[in-house]
Amino acid sequence: MTAPPTLMLVDGSGYIFRAYHSLPPMSRPDGTPVNAVYGFTTMLLKLLADMKATHLAVLFDAGRHTFRNEIYPAYKAQRPDPPADLIPQFPLIREAVRAFNVPCLEREGLEADDLIATYAARARATGAQVVIVSSDKDLMQLVRDGVSLLDPMKNRAIGPDEVREKFGVDPDKVVDVQALAGDPVDNVPGVPGIGVKTAAQLITTYGDLETLLARAGEIPQPKRRQSLLEHADNARLSRRLVTLRDDVEVSETLEDFALGAPDPGVVRSFLTENGFRSLLKRVEATLDTAPDPASPDTPAAVAQGVESVPDDYHLVTTLEDLDAWIAEAHASGVVAVDTETNSLKARHATLVGVSLAPRPGRACYIPFAHRAPKTEGLDLEGEGAGAAVTNIEDKDKALARLGALLADPSVLKVGHNIKFDLHVLAGAGLDTVTPLDDTMVLSFVIDGSRHGHGMDELAQRHLGRTTIPFEAVCGKGKNQITFDLVPLDQAVRYAAEDADVTLRLHVVLRQALLAARLVRVYETLDRPMIPILARMEQTGVVVDAVRLKTLSGEFARRMADLETEIHALAGRPFNVASPKQLGEVLFDDMGLPGGKRSSKTGAWSTDAQVLDTLAGEGHALPALVLDWRQYAKLKSTYTDALVEDIDRATGRVHTTYSLSVTTTGRLSSNDPNLQNIPIRSEDGRKIREAFVAPPGFCLMSADYSQIELRLVAHVAAIRALREAFAQGQDIHAITAAQVFGVPLEGMDPMVRRRAKAINFGILYGISAHGLAVQLGISRGEAGAFIAAYMARFPEIQTFMETIKEQARAQGFVETPFGRRIPIPGINDRNPAARAFAERQAINAPIQGGAADIIKRAMIRLPDALSEAGLGARLLLQVHDELVLEVPEAEIDATRDTVRRVMSTTVALTDAQGVTTVPLDVDVGVGPSWAEAH
DNA sequence: CTGTTCACG
DNA sequence: GACGTACGTGAACAGG
């Protein structure tokens, strides 16, 4: 027989205030106050170190409004706001709890005490011992056989004797005493003239509250009798207020609170980030010890220790050895894979070697194309002294066996940015890698932009391990060598480590994904995007080089003409491309008014807005510079650069998409960026004419109409906007009619334009100044527009307040699909920084939600097209637009399928499953992107 | 390597 | 009453 489990339930909210008031102000290097965080963390460490508990959870109050306010509005109503320097510590304290792998719970409308009562009752029913960690007397009512209280400040146990000492009655009568005595601190009325002492005496005499009230007439003291008769209802009300609910519907069971070892990386980074160096030192010893014996099978326990397995790395040069490693991968069901190449351009890289890691610590490196350094002279198969180079024997067979492993559905392949490896492997003829997992994408889903997701950084953070830097193996600068020239002993250490670290990170991050409840986001939104994007990148888009070169020439001529004119007007030649020199010409030489100096460097500002203002005042030079700048931009960034990006082999441009760059969950595109090809200006638009379809095909562009505004209408439940979208109306015109009270028919385009600007402002977390700048009106006018908008669509304010509150409390906001977006500055001391974070908090769920939607459509689309027997191929994604190349004979059918998939894969519905806002898709077709869009 | 500018959604 | 301001990217260029 083993001892019964012991569940500790910590009253988190109560402890925060005590820690705050008992410690002097402390702050970390960035200025964030942390005294309460420090006190709290110390207490938590102590509880964990004492090892008295087998199960642990920390409970918090959620918001100030609880069901008790429904019963009695004055309850705790006069409590002052928490001190300003405590507010930013609330989310940090929750982070502390999670960092130590302890469940952390709160529930809207309930106090922490109610959750404690509920979990205590449930645990007790299973035979567990319960220890409530709190010094709040309100919890004394819960003391009974199997349930005790622990005061963490005084480290004093509170049992029935201590309760009787405090309240003069048994624990089960505590609420009756409190009902009579009341509590001025919490605004519990009680019965006037009766304190704890009298109440205890009365309850002892009469047995319980109801009996006492029924027989109040028998009380000899006239004043006491009258007060009781008069305030009997107050006593009953008070009893309801102080009685804790132990019947909250909860889904957690005792097992969910089982103590598991924390992730040492998470603990380290939490303590480091908050400057708790002494605490880090104290816990360091315990972090590397064996898994917690109390629960060796919890996922956390599995993750724990993954960083301390010793390295066991091998070079593989025979098929026999290779087969043994493949067998290990089959046995474990998972293998981390990393490819080494001679280039960062995955599609052009040749496969130099492959590393495999079937178990933490165990990894091998298989060289395929290593060479001896040239300096040794003629050296055919690496027989030269000291520079023996032996690649794997029989490369074709080796590749085939590797290919079979990669394609085997029973073995999970893990990579760090595995999309890169997919391209490299495809180049070597291995084009099926499934199923797959990506530690970079996992890290992004869990932590977003809180930190980078490079392997070296993650290894440091989660495994406390410094990996061998690439430079240490290949050098840097002009002396850098390619990986095929790296000596094999070094190559093994570096490459095997990469696979090994990837596998170890996979263990840690999968566990973290589960703990953060983000499995669904990863599985349905990001993971399936990896092969989709790989295919789009591989396909590429045809770009007409001749057309671009012609445009380049045209732009160059115009620039030359403009430059001559500009120099003439300036009276001297200067570098038009230099903002510094231009500023001197405009504001020093010519002495034009209205110059602004940048706050950082003190240089004259010469951006488009400044030049535009000057041009508007009739100055010729600034207007010419604006023109010149436009051509310079188009030429250098697009027409010249894009030609260089055309792949000689395919005649196409192949961008690289990233899933783990943006703060909101959007994709990003680079090398080249195909998400910012010009469209707004006439000249810029011509660049899109160079994006064309191959013979027999045409380009199709399908874009979501107003997707972000629809999401606002959905998320913020703005009735008027929902209806307008449902009826397919012109949303900006409707807004104008509502806000400015003008009729829809014959509307002044200027009025509509203003409404449109306000709608965009809403998406960005509107400010009067921002809107004023955008519309060229005064801040006062802009403020009046915003006020009118808020009055017409009041739901928007609730949405904004709610989302900001969520950001403040949790440090992140969520898209409607559950993606988490950290908002780090939300509790910043600096009001401007805080305001910025608040606008981010408002925009993030909208922009991120739209990104989630188009991801779902992209994941679904290729299958839908092939199910329909269509040969269209996805080429590009530009946030709300998809570009495909479509066989000319299949245009109509493809248009139908694309529109259906994009508008129905995700439905925006209310709690009843009724669609709130439809998703509309505009589809265009043409020989070039310019004509399709 | 940083700051400025500007292309896109 | 002062202060600094729309959200999210990537790339080219100047200048230290």
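Calculation rules
- Residues numbered from 1 in each chain as written.
- Chains lettered and ligands numbered in written order.
- Predicted model: local features only at pLDDT ≥ 70, side-chain atom pairs only at ≥ 80, totals over all residues.
- Heavy atoms only, no water.
- UniProt positions renumbered as here; feature names shortened; annotations may be inferred.
- Near = heavy atom within 4 Å.
- Polar contact = N/O pair within 3.5 Å; in protein donor to acceptor, adjacent residues only side chain to side chain.
- Helix = DSSP H or I, 4+ residues; strand = E, 2+ residues; numbered from the N terminus.
- Nonpolar A, V, L, I, M, F, W, Y, C, P; charged D, E, K, R; others polar.
- Domains from an automatic or database assignment.
- Buried < 20%, exposed > 50% of the residue type's maximum accessible area, 1.4 Å probe, protein only.
- Arc of directions from axis to C-beta.
- Contact = heavy atoms within 4.5 Å.
- Salt bridge = Lys/Arg side-chain N within 4 Å of Asp/Glu carboxyl O.
- Pairing = 2+ DSSP bridges.
- Axes fitted to C-alpha atoms, helices over the stretch in contact; angles between N-to-C directions.

Looking at an unreviewed UniProt entry, chain A carries the name DNA polymerase I, with the source organism given as Pararhodospirillum oryzae. UniProt lists a comment for chain A under the heading Sequence similarities (unreviewed entry), and it reads "Belongs to the DNA polymerase type-A family." UniProt, in its Catalytic activity (unreviewed entry) section for chain A, records the words "DNA(n) + a 2'-deoxyribonucleoside 5'-triphosphate = DNA(n+1) + diphosphate".

What should I look at first to understand the protein's contact with DNA strand C in this one?
Residues in close proximity to DNA strand C total 33 residues, the closest being Ser 578, Asp 671, Asn 673, Phe 836 and Gln 840. Among atoms of DNA strand C positioned within 4 Å of the protein, sugar and phosphate together represent 65%. Backbone polar atom of Thr 663 to a phosphate oxygen of DNA strand C: 2.9 Å apart, as the coordinates give it. Residue Ala 757 places a main-chain N or O atom 3.2 Å away from a base nitrogen belonging to DNA strand C. Breaking the surface near DNA strand C down by element, the ones donating at least two residues are helix H25 (579–589), helix H27 (620–644), strand S16 (668–670), helix H32 (749–763), helix H33 (768–775) and helix H36 (831–867). Its residues placed into classes, the surface near DNA strand C shows 8 nonpolar, 19 polar and 6 charged.

Explanation requested: the protein's contact with DNA strand B in the structure shown.
As a matter of local geometry, DNA strand B sits amid 21 residues, with Ala 608, Lys 633, Ile 679, Arg 680 and Asp 880 nearest to it. Between a phosphate oxygen of DNA strand B and a main-chain N or O atom of Asp 607, the distance comes to 3.4 Å. Within the backbone of Ala 608, a nitrogen or oxygen atom sits 2.9 Å from a phosphate oxygen of DNA strand B. Each residue belonging to the surface near DNA strand B can be placed in one class, and the counts come to 6 nonpolar, 9 polar and 6 charged.

For this particular structure, what's the right way to read the domain arrangement of chain A?
A common way to report how large an interface is uses the accessible area buried once the components associate. The assigned domain composition of chain A is domain 1 (6–257), domain 2 (264–302), domain 3 (306–516), domain 4 (542–688), domain 5 (689–717 + 799–933) and domain 6 (719–792). Here domain 1 and domain 6 have C-alpha centroids that lie 49 Å from each other.

What's the story with helix H22 (residues 519–526) in this structure? I'm lost.
In an α-helix, one turn spans 3.6 residues; hence positions three or four apart end up facing the same way. Regarding H22, the residues found buried are Val 521, Tyr 522, Leu 525 and Asp 526. Angularly, the buried residues of H22 cover 105° about the axis, an arc narrow enough to put them on a single face. Where H22 is buried, its residues meet strand S12 (436–438), helix H18 (439–447), helix H21 (488–515), helix H23 (529–539) and H36.

Help me understand the pattern of salt bridges in this model?
Pairing is possible between side chains that carry opposite charge, provided their charged atoms lie close to one another. Applying the stated rule across the entire model yields 57 salt bridges. Among the ionic pairs, Arg 239 bridges to Asp 176, the shortest N-O distance being 2.4 Å. Highlighted residues: Arg 239 in helix H11 (residues 232–242) and Asp 176 in helix H7 (residues 174–181), separated in sequence by 63 residues. By relative accessible area, Asp 176 is classed as buried at 2%. Across the pair Asp 233 and Arg 236 runs a salt bridge whose closest N-O atoms are separated by 3.2 Å. You can see Asp 233 and its partner Arg 236 sitting in helix H11, 3 residues apart, about one turn around the helix. The network of salt bridges with shared partners includes Asp 311, Arg 465, Glu 497, Asp 500 and Arg 504.

Would you mind showing me how to read the sheet that holds strand S21 (residues 873–877) here?
Sheet strands line up and pair through hydrogen bonds in the backbone, either parallel or antiparallel. What the 4 strands build is an open sheet, ordered S21-S22-S18-S25; its pairing is antiparallel. Looking at which strands have only one partner, the edges of the open sheet turn out to be S21 and strand S25 (921–926). Averaged over all neighbouring strand pairs, the angle between strand axes comes to 25°, with direction disregarded. As defined by bridge partners, S21 adjoins strand S22 (residues 881–887) across 4 bridges and the pair is classed as antiparallel. Note on S22: the bridge partner recorded for Leu 874 is Leu 884. Contacting S21 and S22, H23 runs over the sheet at an angle of about 95° to S21.

Help me understand the sheet that holds S12 in this model?
The strand order S7-S10-S9-S8-S11-S12 describes an open sheet built from 6 strands, whose pairing is mixed. Each of the sheet's edge strands pairs with one partner strand only, and the pair in question is strand S7 (312–315) and S12. Strand-to-strand twist of the sheet, defined as the mean angle between neighbouring strand axes without regard to direction, takes the value 25°. Pairing between strand S9 (residues 351–359) and strand S10 (residues 362–367): 5 bridges, direction antiparallel. Considered in S10, the bridge of Gly 353 is made with Pro 367. Across the sheet, helix H16 (residues 395–407) is in contact with strand S8 (334–341), S9, S10 and strand S11 (412–415); its angle to S9 comes to roughly 50°.

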